[in-house]
Amino acid sequence: MSMPLGVSVNSHQSASQVEHIAERFSAAAKHYQEHNCLQRLSGASLLQGFAAKGAILDIGAGPGTDFANRAMGEEMRVYALDIAQGMLQQLQATFPSYLCVCGNAEQLPFADGSIDSIYSNLALQWCQDFPAATSEMARVLKSGGEAHLSIVAEGSLAQLSHLGLRVNGFLSLESLKAAFDTSDWQLFDVQLVPMTVYFHDLKTLLYSIKGVGASVQSFAQSSIEPSMSAEQGSDISVSGSHSHLGKLRGRRDWQALQQRAEQFRETQGLPLTYQIAQFRVRRQGGSV
């Protein structure tokens, strides 16, 4: 399989930031799919209307997406891009025909006009400079090519705010739209779609948010950063010396937080609602 690799000169995230994110996802790779119910729900929605043909770039590919049911008859070549080498190793085992590329959305290692379509499910909220990512996508996408993107947006995780937890900010739909230069892009379908996922308990719920780039803090400014690893999760206690959850002020505070969370329980479990910005955009004609 030929590789449309090129060199981009943009570099908007520091090497340490990218390395930190990559290490976290690589460490979580083997257990990622145990916690990615939102990713599966969003992916199923995003794939509707996606035509898989030619050179497909999956940005933030994670454990991989099966595009076979969306194939349009011509040869399909999937380039799976992720910053985490561990994720790509897991993906390659599941999709051996995909060509894995370790890289960053803000510095795509592909030649100009080399990609027919782009797919990205719940990855681009990690970008420090989202306009740089849209510029890079415009650079590598062929004229008339489409990008189908889902991005966690402002208004997500309202239930955590109701519990007295501070949630890190996400860009608003309008800010995300403004990042698409209209000389490069036609925005033909943009929606804000609420998606709710359910969990058996609060610890599992908090683990899940790490996969979409979220973190929370108590109003006492104590960071709550649950690991996505199920093995690590089995060892977590509120007051343990290795705990990432146990910094509220002790076991009693954690138990009180659990009790407050139970007030929101529904038949399906504890709910957590995300606002998902879905973009279906087309590369305008002409050269980049």
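Residues numbered from 1 in each chain as written. Predicted model: local features only at pLDDT ≥ 70, side-chain atom pairs only at ≥ 80, totals over all residues. Heavy atoms only, no water.

In this section: the overall build of the protein. Helix and strand counts for the protein come out as nine helices and ten strands. Across the 288 residues in the protein, those meeting the buried criterion constitute 51%. Restricting to contacts in the protein with at least 6 residues of sequence separation, those with at least 24 account for 74%. Surface accessibility of the protein: about 13,100 Å² in total, with carbon and sulfur atoms responsible for 47%. (Helix = DSSP H or I, 4+ residues; strand = E, 2+ residues; numbered from the N terminus. Buried < 20%, exposed > 50% of the residue type's maximum accessible area, 1.4 Å probe, protein only. Contact = heavy atoms within 4.5 Å. Areas by Shrake-Rupley, 256 points an atom, 1.4 Å probe, with all protein chains shown as cover.)

Turning our eyes to something else, we now look at the packing of aromatic side chains. Under the criterion given, the structure shown has nine aromatic pairs. Relative to tyrosine 119, the ring of phenylalanine 67 has its centre 5.1 Å away and its plane inclined at 90 degrees; by these criteria the two rings are edge-to-face. Within this pair, whereas phenylalanine 67 is found in the loop between β1 (52-59) and β2 (71-82), its partner tyrosine 119 is found in strand β4 (residues 115-121), the two being separated by 52 residues in sequence. For the pair phenylalanine 67 and tyrosine 119, a shared accessibility class is recorded, and that class is buried. Taken together, Phe50, Phe67, Phe95, Tyr98 and Tyr119 form an aromatic cluster joined through their ring pairs. Positioned above the aromatic ring of phenylalanine 188 is the side chain of arginine 282, whose terminal nitrogen or guanidinium carbon lies 4.3 Å from the ring centre. (Phe/Tyr/Trp six-rings, centres within 6.5 Å; stacked < 30°, edge-to-face > 60°. Lys NZ or Arg CZ within 6 Å of the ring centre and 35° of its normal.)

Across all of its chains, the model carries eight salt bridges by this definition. Between aspartate 184 and arginine 283 there is a salt bridge, with its nearest N and O atoms 3.7 Å apart. Here aspartate 184 is found in the loop between α6 (173-178) and β7 (185-199), whereas its partner arginine 283 is found in strand β10 (residues 270-283), with 99 residues between them in sequence. Judged on exposure class, the residue aspartate 184 and its partner arginine 283 are both buried. One salt bridge in this structure joins aspartate 189 and arginine 280, with 3.7 Å as the shortest N-O distance. With aspartate 189 in strand β7 and arginine 280 in strand β10, the pair connects residues that are 91 residues apart, well separated along the chain. (Salt bridge = Lys/Arg side-chain N within 4 Å of Asp/Glu carboxyl O.)

Tracing the sequence through the fold places glutamine 39 in helix α2 (residues 37-47). Through-space distance from the C-alpha of glutamine 39 to that of alanine 123 is 9.6 Å; in sequence the pair is 84 residues apart.

Now for the nonpolar core. Counting 31 residues, the largest nonpolar core has Leu57, Ile59, Phe110, Ile115, Ile118, Leu124 and Phe279 as the members making the most contacts within it. Listing elements by their share of this core, those giving two or more residues are β1, β2, β4, α4 (130-140), β5 (141-153), α6 and β10. (Core = buried A, V, L, I, M, F, W, Y, C linked by side-chain atoms within 4.5 Å.)

Structurally, the position occupied by aspartate 58 is in strand β1. There is no salt bridge for the buried aspartate 58, and the closest opposite charge comes from arginine 280, which lies 13 Å off by N-O distance. Setting aside anything within four residues of it in sequence, one finds aspartate 58 in contact with Thr65, Phe67, Tyr79, Ala80, Leu81, Tyr119 and Ser120. (Lys, Arg positive; Asp, Glu negative; His and termini not counted.)

Below, the discussion takes up unusual backbone geometry. Of note in this structure, leucine 122 is not a glycine but carries a positive phi near 55 degrees. For leucine 122, the location among the structural elements is in the loop between β4 and α4. Overall, the relative accessible area of 3% leaves leucine 122 in the buried class. Phi is positive for leucine 157, close to 65 degrees, though the residue is something other than glycine. Assignment of secondary structure puts leucine 157 in the loop between β5 and α5 (158-162).

A few words now on α4. Where burial is concerned, most of α4 is hidden: nine out of the eleven residues are buried. Of all the positions in α4, only Phe130, Ala132, Ala133, Thr134, Glu136, Met137, Ala138, Arg139 and Val140 are classed as buried. If you follow the buried residues of α4, they end up packed against β1, β4, β5, α6, β7 and β10.

Across the protein, the average pLDDT comes to 80, with 73% of residues at 70 or higher. Confidence drops under pLDDT 50 across residues 219-246; counting only partners more than four residues distant or on other chains, this segment forms 63 contacts. (pLDDT = per-residue confidence, 0-100.)

What follows concerns the pairing of β10. By the criterion of burial, β10 is predominantly enclosed, with 13 of the 14 residues buried. Sheet topology note: the β7/β10 ladder contains 14 bridges and is antiparallel. Counterpart to leucine 192 in the pairing with β10 is alanine 277. (Pairing = 2+ DSSP bridges.)

In this model helix α9 (residues 251-262) runs 17 Å from its N-terminal to its C-terminal C-alpha over twelve residues, within 8% of the 16 Å that 1.5 Å per residue would give. Considered for burial, the residues of α9 that qualify are Trp254, Leu257 and Ala261. Down the axis, α9 shows its buried residues gathered within 60 degrees of arc, on one side only. In α9, those exposed residues whose orientation departs by more than 90 degrees from the buried face are Arg252 and Gln259. Buried-residue contacts for α9 involve β6 (165-167), α7 (202-208) and β10. (Expected span 1.5 Å × (residues − 1). Arc of directions from axis to C-beta.)

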